[in-house]
Amino acid sequence: MGSEQWGTGTPKDQAGAAAPALWNAFANMSSLAGHAVTIVRGAGSTVFDDGGRPYLDALASLWYCNVGHGRAELADAAATQMRQLAAYQTFEPFSNQPAEALARRIVDLAPLPGAKVFLTPGGGSDAVDTAAKLARSYWRALGQESKQITIGRSHAYHGMNAYGTSLGGIPANTDPFVPLVSHVEHVAWDDAPALEKAIETAGAGRVAAFFCEPVIGAGGVYPPPEGYLASVREICRRHDVLFIADEVITGFGRTGAWLASERFALDPDLITTAKGLSSGYAPIGAVIASARVAEPFWRPGSTEIFRHGYTYSAHPTACAVASANLDLIEREHLVARVAELEPVLARTLAPLAGHELVGEVRAGTGLLAAVEIAGSARAADPGIGPRLVADIRERGVITRLLRGIALQISPPFVITEAEIARIAEVFTAAFDAAAR
Ligand SMILES: Cc1ncc(COP(=O)(O)O)c(C=O)c1O
């Protein structure tokens, strides 16, 4: 792979520049070093590189900048909190007011009466590993310590910590590291009977939890097949397996409801969230535990302890930013805006499905979409995906390749209809150029 796979941002004068030291995530540093696209600021749905060049951010960074870039009120919330108490740990007896307020707020928004909230510091991966350990701790607290198996799906992405890597269903991410966490199994993403078979084969007495993204995200944006979520939810209930909705992408508005669990009537036992909780203005996640899962730990007289936590769990500054972000979403009615834009995005992208190099356009669940490159085009030209991403960026729109096959579209909730149209135009122009 050469550096041409990355395309360019604003060309940099490398003469005299210090050798790059930053090691990028998911990047071949041999070819990227010296070609990184350095983003320096943002406003609304647009970000700017270090040469002042604007890009329409069709990704909302990594599915998270839901309120758009450059929101000064979130910077103010951080500064105000930092001046009062920037950080303090929440191990054992310690608490802080921003964390208490945020937990209450999340419970009020979640479709889980009587829920409790465990706040995590580092994003979705921490939330997923926390949820997996909490599920196992729950069964242990009930005297069923043999319920240890967790089940994930093909195409799934649950982050890059140990549990998340093991539960993931994207082989390129998972294969180099497994076996990592033991007692993790996988089923096909769209096959509810396969879940039931896996539970029966292992024995329900050994299965702790099933992890399920309501809409598969990083695996390629796959909305749930008709009836799938209701079926797997019912199977979990019947076999007494905890149902964990991984809403790291879908949480806090992206599907046009505060939580996808509400939109799809999932009634999960645990919900993992991060990204949209703060729109990325501070790293923070939340595991929302249903009353059922919380009960053995919170019941009067219980001696159970969830022996888990991070130095920066419930970080006051991050919590203050998250609360201000939720205020902003509410004040500007951005969840309703996502619901309004859902058909606009689907309609605007639909014509791309007729392009000779496009296999499928997946849209229709909130502001989540993907344009899959035709299999024949990828087979004939394995470099087409990275080249399309680079060309689309050259034309002023940021997207990326999911699972090597599909281009991601997950814009900020503040995107305008004109900007959605521009994404479609630029994608079309890049596919046309690739076809020539
Ligand atoms: C569904 C899901 N779960 C977990 C994660 C991991 O989140 P993070 O990268 O913030 O650790 C992601 C990240 O994209 C995700 O999409």
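Attention in this report is confined to the structure presented alongside it. The written sequence of each chain sets the order in which its residues are numbered from 1. Owing to the predicted nature of the model, reporting of local features is limited to residues with pLDDT of at least 70; listing and counting of side-chain atom pairs is limited to 80 or more, with chain, interface and lining totals taken over all residues. The basis for the side-chain values is all heavy atoms of the structure; hydrogens and waters are excluded.

### A look at the state of the cysteines
Only a pair of cysteine sulfur atoms within 2.5 Å qualifies as a disulfide here. Taken as a whole and judged by the stated rule, the model has zero disulfides. Lacking any disulfide linkage, C212 is separated from the closest cysteine sulfur, that of C236, by 8.2 Å.

### Some thoughts on the sheet that holds strand β9 (residues 270-273)
When DSSP finds two or more bridges between a pair of strands, those strands are recorded as paired. Helix and strand assignments come from DSSP, with helices taken as H or I runs of at least 4 residues and strands as E runs of at least 2, each series counted from the N terminus. Overall, mixed pairing links the seven strands, which are arranged β4-β10-β9-β8-β7-β5-β6 in an open sheet. Both edges of this open sheet fall to β4 (116-120) and β6 (184-187), since each of them pairs with a single strand only. Averaged over all pairs of adjacent strands, the angle between strand axes in this sheet comes to 20°, irrespective of strand direction. Of the strand pairs in this sheet, strand β5 (residues 149-153) and strand β7 (residues 207-212) are connected by three bridges, and their pairing is parallel. The residue bridging I149 from the neighbouring strand is V207, located in β7. Sheet contacts for helix α4 (residues 97-109): β4 and β10 (285-289); angle to β4, the most-contacted strand, approximately 125°. For every element, the axis is a line fit to its C-alpha atoms; helices are fit only across the contacting stretch, and the angle between N-to-C directions ranges from 0 to 180 degrees. Whether two residues are in contact is decided by their heavy atoms: any pair within 4.5 Å suffices.

### Focus: the site of the ligand
G123, G124, S125, Y157, H158, G159, E213, D246, V248, I249 and K275 make up every residue found near the ligand. Any pair of N or O atoms that falls within 3.5 Å is considered a polar contact. Within protein, one atom must be able to donate a hydrogen and the other to accept it, and sequence-neighbouring residues count only if both atoms are side-chain atoms. The backbone of Y157 places a nitrogen or oxygen atom 3.5 Å from a nitrogen atom of the ligand. K275 has a polar side-chain atom sitting 3.0 Å from an oxygen atom of the ligand. In the complex, 85% of the free accessible area of the ligand, which totals 390 Å², lies under the protein chains. All residues other than Ala, Val, Leu, Ile, Met, Phe, Trp, Tyr, Cys, Pro, Asp, Glu, Lys and Arg, Gly among them, are scored as polar; the first ten of these are nonpolar and the last four charged. Taken together, the residues of the shell around the ligand break down into three nonpolar, five polar and three charged. Here, proximity means that at least one heavy atom of the residue falls within 4 Å of the molecule or strand. Values of accessible area rely on a 1.4 Å probe in the Shrake-Rupley scheme; residue burial ignores everything except the protein chains shown.

### A short note on the side chain of D57
Inspection of the secondary structure puts D57 in strand β3 (residues 54-57). Only protein chains enter the area calculation, which uses a 1.4 Å probe; residues under 20% of their type maximum are buried, those over 50% are exposed, and those in between are partly exposed. Counted charges follow a simple rule, with Lys and Arg positive, Asp and Glu negative, and His plus the chain ends left uncounted. Just to be clear on terms, a salt bridge is a Lys or Arg side-chain nitrogen sitting within 4 Å of an Asp or Glu carboxyl oxygen. There is no salt bridge for the buried D57, and the closest opposite charge comes from R254, which lies 8.5 Å off by N-O distance. Looking at D57, its side chain comes within polar contact range of the side chain of H69, at 2.8 Å.

### Description of the sheet that holds strand β2 (residues 46-49)
On the basis of which strands lie adjacent, the open sheet formed by four strands has the order β1-β2-β3-β13 and mixed pairing. Each having just a single partner strand, β1 (39-43) and β13 (397-398) make up the two edges of the open sheet. In terms of strand pairing, β3 meets β13 through two bridges, oriented parallel. Across the sheet, D57 pairs through a bridge with I398, a residue of β13.

### Re a nonpolar patch on the surface
Candidates for patches are residues over 30% relative accessible area with no salt bridge; among them, like charges are joined within 9 Å and nonpolar side chains (Val, Leu, Ile, Met, Phe, Trp, Tyr) within 5 Å. A cluster of nonpolar side chains, L85, Y88 and F94, forms an exposed patch at the surface whose accessible area comes to about 270 Å². Tracing the backbone shows L85 in helix α3 (residues 72-85).

### As for the pattern of salt bridges
A complete count under the given rule lists 20 salt bridges for this structure. When the shortest N-O distance is used, the salt bridge between D267 and R237 registers 3.3 Å. With D267 in the loop between α10 (260-263) and β9 and R237 in helix α9 (residues 228-239), this residue pair connects regions lying 30 residues apart in the sequence. The partly exposed category is assigned to D267, whose relative accessible area is 42%. A residue is classified by how much of its surface remains accessible, and R237, at 47% relative accessible area, is partly exposed.

### Section: the nonpolar core
L102, L119, L277, F427 and F431 are the most contacted members of the largest nonpolar core, which has 66 residues in total. Counting residues per element, this core draws most heavily on helix α12 (residues 316-331), which supplies eight residues. For F431, the residues in contact, after removing those within four places along its chain, are L352, H355, L357, V358, V371, I373, L388 and L407. The set of buried Ala, Val, Leu, Ile, Met, Phe, Trp, Tyr and Cys residues whose side-chain atoms join them within 4.5 Å is what this entry labels a nonpolar core. Formed by 24 residues, the second largest nonpolar core is a distinct cluster that contains A127, L134, W139 and A289.

### Things to note about unusual backbone geometry
With an omega of 0°, the peptide bond running from V178 to P179 counts as cis. Within the secondary structure, P179 is located in the loop between α7 (171-174) and β6. We note that A60 has phi near 50°; this positive angle belongs to a residue other than glycine. Considering the arrangement of structural elements, one finds A60 in helix α2 (residues 60-63).

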